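Examination of the molecular architecture
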Amino acid sequence: MGAVRLYTESDLDAGLTVSLSAGQAHYLGNVMRMKEGDPVVLFNGRDGEWRAAIAGLRKKEGTAVAGERLRPQDSVPDLWLLFAPVKRARIDFIAEKATELGVSAIGAVFTEHTAVSRVNEDRLRANAIEAAEQCGRLSVPEIQPPSTLAQRLADWPDGRRIMLCDETGGGKSVQEALSGGSAATGPWAILCGPEGGFSSMELDLLAENSIVTRVSLGPRILRADTAVLAALACWQSMVGDWSASAARTV
Ligand code: SAH
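First, a word on what this report is: a plain description of the structure on this page. (Residues numbered from 1 in each chain as written. Predicted model: local features only at pLDDT ≥ 70, side-chain atom pairs only at ≥ 80, totals over all residues. Heavy atoms only, no water.)

1. Some thoughts on the site of the ligand
Surveying the vicinity of the ligand reveals 18 residues, the closest of which are Cys165, Glu167, Leu217, Arg220 and Leu222. Leu217 places a polar main-chain atom, nitrogen or oxygen, 2.8 Å from a nitrogen atom of the ligand. Note that a nitrogen atom of the ligand is positioned 2.9 Å from one of the backbone N or O atoms of Leu222. Taken by itself the ligand offers 550 Å² of open surface, and the protein chains cover 85% of this. Of the residues in the shell around the ligand, the class split is 9 nonpolar, 5 polar and 4 charged. (Near = heavy atom within 4 Å. Polar contact = N/O pair within 3.5 Å; in protein donor to acceptor, adjacent residues only side chain to side chain. Areas by Shrake-Rupley, 256 points an atom, 1.4 Å probe, with all protein chains shown as cover. Nonpolar A, V, L, I, M, F, W, Y, C, P; charged D, E, K, R; others polar.)

2. Some remarks on helix 7 (residues 224–238)
End to end, helix 7 covers 21 Å across 15 residues, agreeing with the expected 21 Å (1.5 Å per residue, within 8%). When we look at burial in helix 7, the residues that qualify are Ala224, Asp225, Ala227, Val228, Ala231, Leu232, Trp235 and Gln236. Mapping the buried residues of helix 7 onto a view down its axis gives an arc of 155 degrees, with all of them on the same face. (Helix = DSSP H or I, 4+ residues; strand = E, 2+ residues; numbered from the N terminus. Expected span 1.5 Å × (residues − 1). Buried < 20%, exposed > 50% of the residue type's maximum accessible area, 1.4 Å probe, protein only. Arc of directions from axis to C-beta.)

3. Structural notes on the pairing of strand 3 (residues 39–43)
Extensive coverage of strand 3 is indicated by the burial of 4 of its 5 residues. Relative to strand 3, strand 1 (residues 5–7) is paired through 3 bridges, and the arrangement is parallel. By the bridge assignment for strand 3, Tyr7 is matched with Phe43. Examined bridge by bridge, strand 3 and strand 4 (residues 49–57) share 5 bridges and lie antiparallel to one another. If you follow Phe43 over to strand 4, its bridge partner there is Glu49. In textbook terms, the turn of a hairpin is the stretch between consecutive antiparallel strands, and for strand 3 and strand 4 this stretch comprises 5 residues, one of which, Gly45, has a positive phi near 85 degrees. (Pairing = 2+ DSSP bridges.)

4. Things to note about helix 6 (residues 200–208)
Among the residues of helix 6, Glu202, Leu203 and Leu206 are the ones counted as buried. End-on, the buried residues of helix 6 take up no more than an arc of 100 degrees, which puts them together on one face. Among the exposed residues of helix 6, those pointing more than 90 degrees away from its buried face are Ser200, Met201 and Glu208. Buried residues belonging to helix 6 abut helix 4 (149–154), strand 9 (161–165), strand 11 (188–192) and strand 12 (212–216). (Contact = heavy atoms within 4.5 Å.)

Right under this line is the structure:
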């Protein structure tokens, strides 16, 4: 098994002491049965990845001291995932898989047919952190505050395009949507709907917007979490960091 990787918000540099959270101390001591002096690997999304040693370990607190830098900071493509919240276990799954698949940000978007009324941002973040630790990422995706689709579109940043996953027919194939030079250069967001799909009003509203490209993920109706995964994998392989012509990164 590889070294235990931990995300920290502290600065990392040779010789710096980093405080471990209660959860991290519990994990290292009680779950992994590690002791003072044992090695861990730390990253914070800014300073790269560092080898470190546990310096103190108690039940609810601990420290580690950074040693040498193992990898310089890198970045992921500038890709947001906007998803309509579904049941809790499926949201956990979406946060984990989107992190592994290399998104830069994750945001829950309430749509007309969204059946869930609340999203636990802390839980989203915890799942993203755990996935980042496990998959070797050097950053954790930003967790954006949950918001309505209308609000998100009203505040939309210039230049970021939307790949709208639409199962109702008439959308382009992902290949069509993402081929052509300009697709590879700009920031994107992938937008997936809830189990009930987008309403026809929402689809009309989105279709009018020139930043939106409707795509089909094939002839079968996918569950919302499957659609998220499929769309992210297609995007990464066409213009993201699985592809030779990698998109701009953040
Ligand atoms: N309206 C549907 C199911 C929606 S599936 C119904 O109830 O019958 C949930 C979401 O997954 C959709 O809003 C869409 O964003 C995405 N999705 C599912 N299958 C898809 C496909 N074949 N192509 C594109 N997007 C799809």
